[in-house]
Amino acid sequence: MPAEVKVEAKSAQFASPPLTERQEARRRRILHASAQLAGRGGFDAVQMREVAESSQVALGTLYRYFPSKIHLLVATMQDQLDHMHSTLRKKPPAGDSAAERVAETLMRAFRALQREPHLADAMVRALTFADRSVSPEVDQVSRQTTAIILDAMGLDDPSPAQLSAVRVIEHTWHSALITWLSGRASIAQVKIDIETVCRLIDLTDPGERS
């Protein structure tokens, strides 16, 4: 059994039991309230007491779901990416090459975040501030981003070299978000950077090298 499969299997043994329908509905209300507050006022506007009141849950209950504001906002980003992924699956990118499709996909995701700059800033700041205690939530964000990229590439079983390229693309996309949010890069510059890094996909495609 491959090492990574063993790790996943071991992790599954200690995973939290699945949420009940009522618990999942409560979690969704919390994430919705978090996104709304962040969308209106950014990182500082997301106060746990206000999130609890807006989602109609007790403050203690909120902390059982999300131990801190950072946990909550990183989970909010994962939820937003999950929604983007569903939207992208309904209307897949139309590029001829995998690199073109990934670049189009990431720019569509970027523009979705561009429409909610306060929310985007809050989520990215939470990722930046996250410590080891938030590793499970950060890992979920990374896995969701990877899944979005692999779907655009049309890959179910990527090679190690392809996964390495995907990681570099993820890092560049995240960095582009930060530089745009801080006013240090234009959308045009972000597009150029994303298209440039996506060319790594061609370098890791055996079909392109043969």
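Residues numbered from 1 in each chain as written. Predicted model: local features only at pLDDT ≥ 70, side-chain atom pairs only at ≥ 80, totals over all residues. Heavy atoms only, no water.

1. Focus: the overall build of the protein
From N to C terminus, the protein includes twelve helices and zero strands. Each helix and strand of the protein, ordered N terminal to C terminal, gives the series α-α-α-α-α-α-α-α-α-α-α-α. Overall, the C-alpha framework of the protein stretches about 60 × 45 × 30 Å when taken along its three principal axes. Burial status across the protein gives 40% buried among its 210 residues. For the protein, the accessible surface area stands at approximately 12100 Å², while carbon and sulfur atoms represent 52% of it. When the 26 positive and 26 negative side-chain charges of the protein are each reduced to one mean point, those points stand 6 Å apart. (Helix = DSSP H or I, 4+ residues; strand = E, 2+ residues; numbered from the N terminus. Buried < 20%, exposed > 50% of the residue type's maximum accessible area, 1.4 Å probe, protein only. Areas by Shrake-Rupley, 256 points an atom, 1.4 Å probe, with all protein chains shown as cover. Lys, Arg positive; Asp, Glu negative; His and termini not counted. Charge placed at Lys NZ, Arg CZ, Asp CG, Glu CD.)

2. A word on unusual backbone geometry
Positive phi values are uncommon outside glycine, yet Gln56 reaches one of about 60 degrees. Within the secondary structure, Gln56 sits in the loop between α3 (48-55) and α4 (59-65).

3. Brief notes about the packing of aromatic side chains
All chains considered together, the criterion is met by two aromatic pairs. Relative to Phe129, the ring of Phe43 has its centre 5.6 Å away and its plane inclined at 80 degrees; by these criteria the two rings are edge-to-face. Within this pair, whereas Phe43 is found in the loop between α2 (21-41) and α3, its partner Phe129 is found in helix α7 (residues 117-129), the two being separated by 86 residues in sequence. With centroids separated by 5.4 Å and ring planes inclined at 65 degrees, the aromatic side chains of Phe110 and Trp180 adopt a geometry described as edge-to-face. Placement of the pair is Phe110 in helix α6 (residues 98-114) and Trp180 in helix α9 (residues 160-181), with a sequence separation of 70 residues. Across the pair, exposure class does not vary: Phe110 and Trp180 are buried alike. Its end group placed over the ring of Phe43, Lys69 keeps NZ or CZ at 4.0 Å from the ring centre. (Phe/Tyr/Trp six-rings, centres within 6.5 Å; stacked < 30°, edge-to-face > 60°. Lys NZ or Arg CZ within 6 Å of the ring centre and 35° of its normal.)

4. As for the pattern of salt bridges
What the rule picks out here adds up to five salt bridges. Taking the shortest distance from any N to any O, the salt bridge between Arg28 and Asp79 comes out at 3.0 Å. One end of the pair, Arg28, is in helix α2; the other, Asp79, is in helix α5 (residues 69-90), with 51 residues separating them in the sequence. (Salt bridge = Lys/Arg side-chain N within 4 Å of Asp/Glu carboxyl O.)

Geometric values such as these leave the question of function open.
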